[in-house]
Amino acid sequence: MNYQAPRSVKEAVDLLAAHPGAAHVLAGGTDLLVKLRSGFVAPEVVVDVKGIGELRGITADAKGFRIGAATPCAEIGEHEALGRAWPGVVEALQLIGSTQIQGRATLGGNLCNASPAADSVPAMIAAGVVCEIAGPSGQREVPVENIITGPGRNALARGEFIVAFRLPQPRPRSGDAYLRFIPRTEMDIAVVGAGVALTLDDNGVCTQARVGLGAVAPTPLLVADGAKALIGTKVDDKALAALAAAASTACKPIDDKRGTIEYRIKVSGVFARRAANIALERARGRHG
């Protein structure tokens, strides 16, 4: 196995393109190193992207936030402006592993590992996050909900990797939240994860909404019918009940040792409703 540490995006793209299917990107390594030790992967080349400046750090402007794909979760969790703007996204990241893991784990790695139960993904779907992707043909942007195509599979083409994530500047009277259910109190894989983001007008009517679910289908889900249940309402009990029903209907779960199909379907609606209530309270508290 060959280890490479490029210092530019182009150099990384060239290395990945030269070894199609045999090169793996190393960002934090919290997933890749486990797979290497377990013999699940045997790459010819490991491309360590942590030394590329464009992949590290958080910047903010009038349009929103840009998070480098190799920025550690711990650093993201300490960014006060991002935490105020998108608390649900930050809360989701803070659920990834232990404190030690968060010092290494990255947003890009959590997404590209393509686990249906990845905590960051439903929250990012709800927030409308867009991925900046670099490859041999240049750069392109893809909504986060279109990246994971199945368990362990993603939509990145030969030579491509994620450079950064863009979060929009939240509107006045908007809020987001992420909740998950796990069998234990800490460091477990989600049985259900639910992210909700919404915006209210001056009269408290929901004008925009997005709903994301995780661990209930082969890929994390953007639940369009869940958003429709909220938009045009004051997010009252009737709307929340419709949201819960839409979330449960969208599920395509499996039975496993953490939960049955029936249980996941039920809990997805419960947690979507709870996340919406938290997002609603946050939206009511944000006036500018």
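Going by the structure above, here's the rest.
Residue positions are given per chain, counted from 1 along the sequence in the order it is written. Owing to the predicted nature of the model, reporting of local features is limited to residues with pLDDT of at least 70; listing and counting of side-chain atom pairs is limited to 80 or more, with chain, interface and lining totals taken over all residues. Hydrogens and water molecules were not included; the side-chain quantities draw on all heavy atoms of the structure.

Participant: Before we go on, may I ask you to explain the pairing of strand β6 (residues 130-135) in this structure?
Facilitator: Regular strands have side chains that alternate between both faces of the sheet. Judged by how many residues are buried, β6 sits mostly within the fold: five of six residues are covered. When DSSP finds two or more bridges between two strands, those strands count as paired. A helix here means a DSSP run of H or I that spans at least four residues, while a strand means a run of E at least two residues long, and both kinds are numbered starting from the N terminus. Here β6 runs beside strand β7 (residues 138-143); their pairing, made up of six bridges, is antiparallel. Along β7, the bridge assignment pairs I133 with R140. In textbook terms, the turn of a hairpin is the stretch between consecutive antiparallel strands, and for β6 and β7 this stretch comprises two residues. Both β6 and strand β10 (residues 161-168) contribute to a ladder of five bridges, which runs antiparallel. Bridged to C131 within β10 is F165. Only protein chains enter the accessibility calculation, which uses a 1.4 Å probe; a residue is then buried when its area is under 20% of its type maximum, exposed when over 50%, and partly exposed in between.

Participant: In this structure, what is going on with the environment of V49? I would like to understand it.
Facilitator: As for its placement among the helices and strands, V49 is situated in the loop between β3 (45-48) and β4 (58-61). V49 sits 223 residues away from A272 along the chain, and the two C-alpha atoms are 35 Å apart. Sequence-distant contacts of V49, that is, excluding residues within four places in its chain, are made with A12, V25, L26, A27, L55, A70 and F161. The contact criterion used throughout is that any non-hydrogen atoms of two residues lie within 4.5 Å.

Participant: Looking at this model, I keep getting lost on the nonpolar core. Mind explaining?
Facilitator: Nonpolar side chains in soluble globular proteins tend to end up buried together. To form a nonpolar core, buried Ala, Val, Leu, Ile, Met, Phe, Trp, Tyr and Cys residues must be joined to one another through side-chain atoms within 4.5 Å. Among the nonpolar cores identified, the biggest contains 38 residues, and L82, W86, L111, C131, I162, F165 and L167 are the most heavily contacted of them. Broken down by secondary-structure element, the contributors of at least two residues to this core are β5 (64-68), α3 (73-77), α4 (80-85), α5 (87-93), α7 (107-112), α8 (120-127), β6 and β10. Looking at this core element by element, the count peaks at six residues for α8. Non-local contacts of L82, meaning those with residues more than four positions away in its chain, are made with I58, F65, I67, I76, P87, V90 and L167. Judged by nonpolar contacts, the second largest core, of 32 residues, contains A177, V216, V223 and L243.

Participant: When you look at the sheet that holds strand β13 (residues 206-214) in this model, what are you seeing that I'm missing?
Facilitator: Strand pairing within a sheet occurs via backbone hydrogen bonds; the two strands may be parallel or antiparallel. Within the open sheet, the four strands sit side by side as β11-β12-β13-β14. Their pairing is antiparallel. Edge strands, defined here as strands with exactly one partner in the open sheet, are β11 (174-181) and β14 (221-222). Axes, fitted as lines to C-alpha atoms, cover a helix only where it is in contact. Angles between the N-to-C directions of the axes lie from 0 to 180 degrees. Docked against the sheet, α8 engages β11, β12 (192-200), β13 and β14, running at close to 160 degrees with respect to β13.

Participant: I keep staring at the packing of aromatic side chains and nothing clicks. Help me out?
Facilitator: The geometry of an aromatic ring pair is captured by two quantities: the separation of the ring centres and the angle between the planes. Note on aromatic pairs: the rings of Phe, Tyr and Trp (six-membered ring only in Trp) are paired at centre separations within 6.5 Å, and the planes decide the class, stacked below 30 degrees, edge-to-face beyond 60, tilted for the rest. Counted under the stated rule, the structure contains two aromatic pairs. Residues F181 and Y263 carry aromatic rings whose centres are separated by 5.8 Å and whose planes lie at 70 degrees to one another, so their mutual orientation is edge-to-face. Taken together, the residues F181 in strand β11 and Y263 in helix α11 (residues 261-284) connect sequence positions 82 residues apart. Accessibility expressed as a relative area gives 36% for Y263, which makes it partly exposed. Note on F181 and F271: the rings are 6.2 Å apart at their centroids and 75 degrees apart in plane angle, and the pair reads as edge-to-face. Of this pair, F181 sits in strand β11 while F271 sits in helix α11, and the two are 90 residues apart along the sequence.

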